[in-house]
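Residue strings, one per chain:
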Amino acid sequence: MTDKISGAAFKQMVLFGSACITLQKQPINDLNVFPVPDGDTGTNMSLTIQTAANELRKSNPTTVGEASKITAGALLRGARGNSGVILSLLFRGISKALKGMQEADGAQMAAALQEGVVTAYKAVMKPAEGTVLTVSRLAADRAVEAAQECNSVEYVLTEAIKTGYDTLAQTTDMNPVLQKAGVVDAGGKGFLIILEGMLRALKGEELPRVEEHAEQSKADFAICADEITFAFDTVFIVRKKPNTSIEPFRAYLSSIGDSLVIGEDDEAFKVHVHTDTPGDALTEAQKYGTLELAKIENMVIQAEDVAAGKKTISADDLDDEEALFAPKAEEVTFAPAEKRYGFLAVCAGDGLEAAFRDLGVDRLVSGGQTMNPSTEAILKEVNLVPSEIVFVLPNNKNIIMAAQQCQGLTEKEVIVVPTATVPQGITAMMNVDLDEADPQTVANTMAEAASAVTTAQITYAARNSDFDGFAINEGDYLALLNGKLFGTDRDINVLLQKLADTAAEQGAEFITAFYGDGVSEEDAAAAGEIFTNRCPDAEVSALPGGQPVYYYIISIE
């Protein structure tokens with residue numbers, strides 16, 4: 001029985017857990033109580049932990065603290081959907097508890113699991129019972145008890161998993177939605193599959209083989225050298241003097257370079273800046289504390305070497321040292337602020353993207369119900385918005401938490417307007433007041449306007465289901481109203497007529513139907529006519545959205 005784990009062991013445990021949930025993602029997806037095709041829990045948790053596995057494969061952590069930190073940092077940036085964000089929070093707490101440790105025994109691992117639960121609960125505004133939070137909490141409680149019985153990591157995980165599965169079975173009765181569908185919580189099951197994989201690694205089982213994802217094509221550096229404004233990529237860490245503000249230093253660095261990112265906690269700060277005078281930056285930094293580590297690389301020479309096919313020479317990676325959860329310097333592209341307010345929206349479809357651009361959105365993230373973008377993907381676009389303050393419109397309830405994780409990972413102020421649908425996002429943008437000085441007032445006005453929008457959607461059933469009184473067959477048309485199942489039929493026009501009746505009952509004044517990829521202009525015009533006939537006083541528009549999965553996304557105001 002394995003009593004303690006090292007950094008190498010923790011690495012193998014995460015790799016094993018990642019492989020296990022990747023192999024089991026479809027059964028987890030099938031637990032989704034809503035039969036619509038979407039970016040399901042299994043897919044989101046699998047993609048999230050794969051980011052950690054990919055980072056760990058590049059490193060050889062010598063301590064469990066180092067391995068857990070690499071894992072948490074990668075998960076933070078790779079989190080997709082609510083389930084992926086909660087998974088990243090659980091591992092962030094684990095990393096916090098294991099910080100600085102060479103090895104971890106059973107009691108320390110149990111304490112780390114509990115810290116993970118505490119971190120996750122703090123981040124969720126209204127924790128619900130019968131979810132992954134419940135499963136992880138009771139599993140961690142049992143881990144602490146088990147550590148007192150036998151201070152072995154293997155024993156602790158074994159007992160935690162047993163209790164976790166007992167709790168998982170009870171989630172059906174804890175959560176009314178799960179009870180109606182007769183299934184257990186998908187997120188809870190996904191977390192237990194990862195823990196099981198970690199335990200199997202401790203037992204020495206052979207790592208399951210999963211299909212590798214093809215690497216993304218690399219950028220062409222041949223044209224980069226001429227476009228580099230400041231030559232030296234400069235990264236350093238400073239241990240702060242007590243009660244010292246670094247705001248003057250931030251202003252100084254902005255005056256001598258660009259691509260500035262500063263991550264800060266109570267004890268230290270980490271700087272990334274492009275500058276022609278790195279020595280000046282380091283000298284000035286010592287006014288604010290003690291310089292600990294530094295990395296300076298000549299980007300012009302590196303770009304020329306890569307373009308010539310030569311091997312580049314790089315300094316040791318500072319991310320392996322005591323640093324903060326700041327984006328990796330080499331991955332950050334940062335647009336300097338040209339204005340106070342900027343906007344970013346998440347959507348899928350050429351027509352929807354055009355609509356948001358016309359309303360003043362600066363950057364777009366491709367994503368939605370079928371593909372929840374990661375925190376890293378959203379953060380990358382946030383950094384490219386040329387403003388001091390960036391308002392983010394997730395336009396999907398399963399993307400809101402991932403967007404919120406960007407707060408604190410960038411020098412820009414990020415404000416997430418919690419739009420749950422594309423029509424809400426469009427209405428929010430139509431109510432922006434650029435002359436308002438208080439950004440929170442701007443956000444509140446946008447959110448209030450968005451909340452008044454009724455959103456209808458028509459899609460298809462991805463599986464057979466008996467949900468909320470509806471007997472649903474795979475391939476049926478499904479109508480949703482504000483996210484809830486409204487009706488099902490084999491004839492899409494029947495659903496359009498019922499939605500038109502609802503719009504008339506609400507006294508709708510504006511109805512906009514965005515038609516999806518594959519819907520003809522003729523069919524869209526006919527759909528618009530159904531609403532016009534039922535709501536003759538309303539302004540009705542049928543516009544190309546180009547969105548996948550949803551035949552129509554309809555805004556009713």
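Just so we're clear, the structure is a prediction, and the values are computed from it rather than from any experiment.

So, about the overall build of the protein. Of regular secondary structure, the protein possesses 20 helices and 16 strands. Sorting the 557 residues of the protein into buried and exposed places 53% on the buried side. Within the protein, counting contacts between residues at least 6 apart in sequence, those at least 24 apart form 71% of the total. A total of about 24,900 Å² of accessible surface is found on the protein, and carbon and sulfur atoms cover 48% of it.

A few words now on the packing of aromatic side chains. How two aromatic rings sit relative to each other is given by the distance of their centres and the angle of their planes. Considering all chains together, one arrives at four aromatic pairs under this definition. Between Tyr341 and Phe391, the aromatic rings sit 5.4 Å apart at their centres with planes inclined by 70°, giving edge-to-face as the arrangement. One end of the pair, Tyr341, is in strand E5 (residues 339-347); the other, Phe391, is in strand E7 (residues 387-393), with 50 residues separating them in the sequence. Accessibility classification places Tyr341 together with Phe391 in one group, the buried group. Put simply, the rings of Tyr341, Phe343 and Phe391 pair up and form one aromatic cluster. The ring of Phe334 is capped by Lys412, whose NZ or CZ atom sits 4.7 Å from the centre of that ring.

What follows covers the pattern of salt bridges. One pass over the structure, following the stated rule, counts 17 salt bridges. The salt bridge partner of Lys162 is Glu159, with a shortest N-O separation of 3.4 Å. Of the two residues, Lys162 and Glu159 are both situated in helix H8 (residues 153-174); the distance of three residues between them amounts to about one turn of the helix. With relative accessibility at 49%, the residue Lys162 sits in the partly exposed group. Residue classification places Glu159 among the buried positions, given a relative accessible area of 12%. A salt bridge links Arg250 to Glu247, with the shortest nitrogen-to-oxygen separation between them at 3.0 Å. In this pair, Arg250 and Glu247 are both assigned in helix H11 (residues 247-256), three residues apart and thus about one turn of the helix distant. With relative accessibility at 17%, the residue Arg250 sits in the buried group.

What follows covers unusual backbone geometry. Even without being a glycine, Asn243 presents a positive backbone phi close to 55°. The exposed category is assigned to Asn243, whose relative accessible area is 86%. Although it is not a glycine, Val549 adopts a positive phi angle of roughly 70°. In this structure, Val549 sits in the loop between strand E15 (539-544) and strand E16 (552-556).

So, about the confidence of the model for the protein. With 86% of its residues at a pLDDT of at least 70, the protein reaches an overall mean of 86. Segment residues 212-227: pLDDT under 50, and nine contacts once partners within four positions in sequence are set aside and those in other chains are kept. Taken as a whole, residues 314-332 scores under 50 in pLDDT and shows 54 contacts with residues more than four places along the chain or in a different chain.

Our focus in this paragraph is the side chain of Ser555. Position of Ser555 among the secondary structure elements: in strand E16. Given the relative accessible area of 6%, Ser555 is considered buried. Other than its neighbours up to four places away in sequence, Ser555 contacts Pro423, Val453, Thr454, Phe510, Ile511 and Thr512.

Looking now at the packing of helix H3 (residues 41-57) against helix H10 (residues 186-202). At a minimum axis distance of 9 Å, the contact between H3 and H10 shows a crossing angle of 35°. H10 is crossed by H3, and the crossing has right-handed handedness. Contacts between H3 and H10 involve Thr41, Met45 and Ile49 from the former and Ala186, Gly187, Gly190, Phe191 and Ile194 from the latter. Of the residues contributing to the contact of H3 with H10, the split by class is five nonpolar, three polar and no charged.

With that out of the way, let us pick up the pairing of strand E12 (residues 477-481). Summarising burial for E12: four of the five residues are buried, a large majority. Bridge count for strand E9 (residues 454-460) against E12 is five bridges, and the pairing is antiparallel. By the bridge assignment for E12, Gln457 is matched with Leu480. Two elements, E12 and strand E13 (residues 484-489), share five bridges in a ladder whose sense is antiparallel. Looking at the pairing, Leu481 lines up with Lys484 of E13.

With 80 residues, the main nonpolar core has Ile5, Phe10, Leu344, Ile378 and Val392 as its most contacted residues. It is H10 that provides the largest number of residues to this core, a total of 10 residues. Sequence-distant contacts of Phe10, that is, excluding residues within four places in its chain, are made with Ile5, Val64, Ala67, Ser68, Thr71, Phe91, Ile94, Leu98 and Met198. In terms of nonpolar packing, the next biggest core, distinct from the first, is built from 31 residues, Cys347, Ala355, Ile426 and Leu478 among them.

For helix H1 (residues 7-23), which comprises 17 residues, the first-to-last C-alpha distance of 25 Å matches the rise-based estimate of 24 Å (1.5 Å per residue) to within 8%. In terms of burial, H1 is largely enclosed, as 13 of its 17 residues are buried.

Moving on, we come to the environment of Val183. By the element assignment, Val183 lies in the loop between helix H9 (176-181) and H10. Its relative accessible area of 17% is what places Val183 among the buried residues. C-alpha of Val183 to C-alpha of Thr172: the two residues are 11 residues apart in sequence and 5.8 Å apart in space.

The next subject is the side chain of Ser387. Mapped onto the elements of the fold, Ser387 is located in strand E7. With relative accessibility at 1%, the residue Ser387 sits in the buried group. A polar atom in the side chain of Ser387 sits 2.9 Å from the backbone oxygen of Ile389. Filtering out sequence-adjacent residues up to four positions away, Ser387 remains in contact with Pro336, Ala337, Glu338, Lys339, Arg340, Tyr341, Gly342 and Lys412.

Now for the environment of Asp276. Within the secondary structure, Asp276 sits in the loop between strand E3 (268-275) and helix H12 (278-285). Between the C-alpha atom of Asp276 and that of Ala231, which follows or precedes it by 45 residues, the distance is 5.5 Å.

Our next topic: the sheet that holds E12. The six strands lie next to each other as E13-E12-E9-E16-E14-E15, forming an open sheet whose pairing is mixed. The two strands at the open ends of the sheet, each matched to only one other strand, are E13 and E15. The average undirected angle you get between the axes of adjacent strands in this sheet is 15°.

What follows is about the pairing of strand E6 (residues 363-366). As paired elements, E5 and E6 share four bridges and run parallel to each other. Opposite Cys347, over in E6, you have Ser366 as the bridge partner. As a crossover connection, the stretch from E5 through helix H14 (residues 350-358) into E6 is right-handed.

Procedures and definitions
Residues numbered from 1 in each chain as written. Predicted model: local features only at pLDDT ≥ 70, side-chain atom pairs only at ≥ 80, totals over all residues. Heavy atoms only, no water. Helix = DSSP H or I, 4+ residues; strand = E, 2+ residues; numbered from the N terminus. Buried < 20%, exposed > 50% of the residue type's maximum accessible area, 1.4 Å probe, protein only. Contact = heavy atoms within 4.5 Å. Areas by Shrake-Rupley, 256 points an atom, 1.4 Å probe, with all protein chains shown as cover. Phe/Tyr/Trp six-rings, centres within 6.5 Å; stacked < 30°, edge-to-face > 60°. Lys NZ or Arg CZ within 6 Å of the ring centre and 35° of its normal. Salt bridge = Lys/Arg side-chain N within 4 Å of Asp/Glu carboxyl O. pLDDT = per-residue confidence, 0-100. Axes fitted to C-alpha atoms, helices over the stretch in contact; angles between N-to-C directions. Left-handed = near helix turned anticlockwise from the far one by under 90°. Nonpolar A, V, L, I, M, F, W, Y, C, P; charged D, E, K, R; others polar. Pairing = 2+ DSSP bridges. Core = buried A, V, L, I, M, F, W, Y, C linked by side-chain atoms within 4.5 Å. Expected span 1.5 Å × (residues − 1). Polar contact = N/O pair within 3.5 Å; in protein donor to acceptor, adjacent residues only side chain to side chain. Right-handed = clockwise from strand over helix to strand, strands pointing away.

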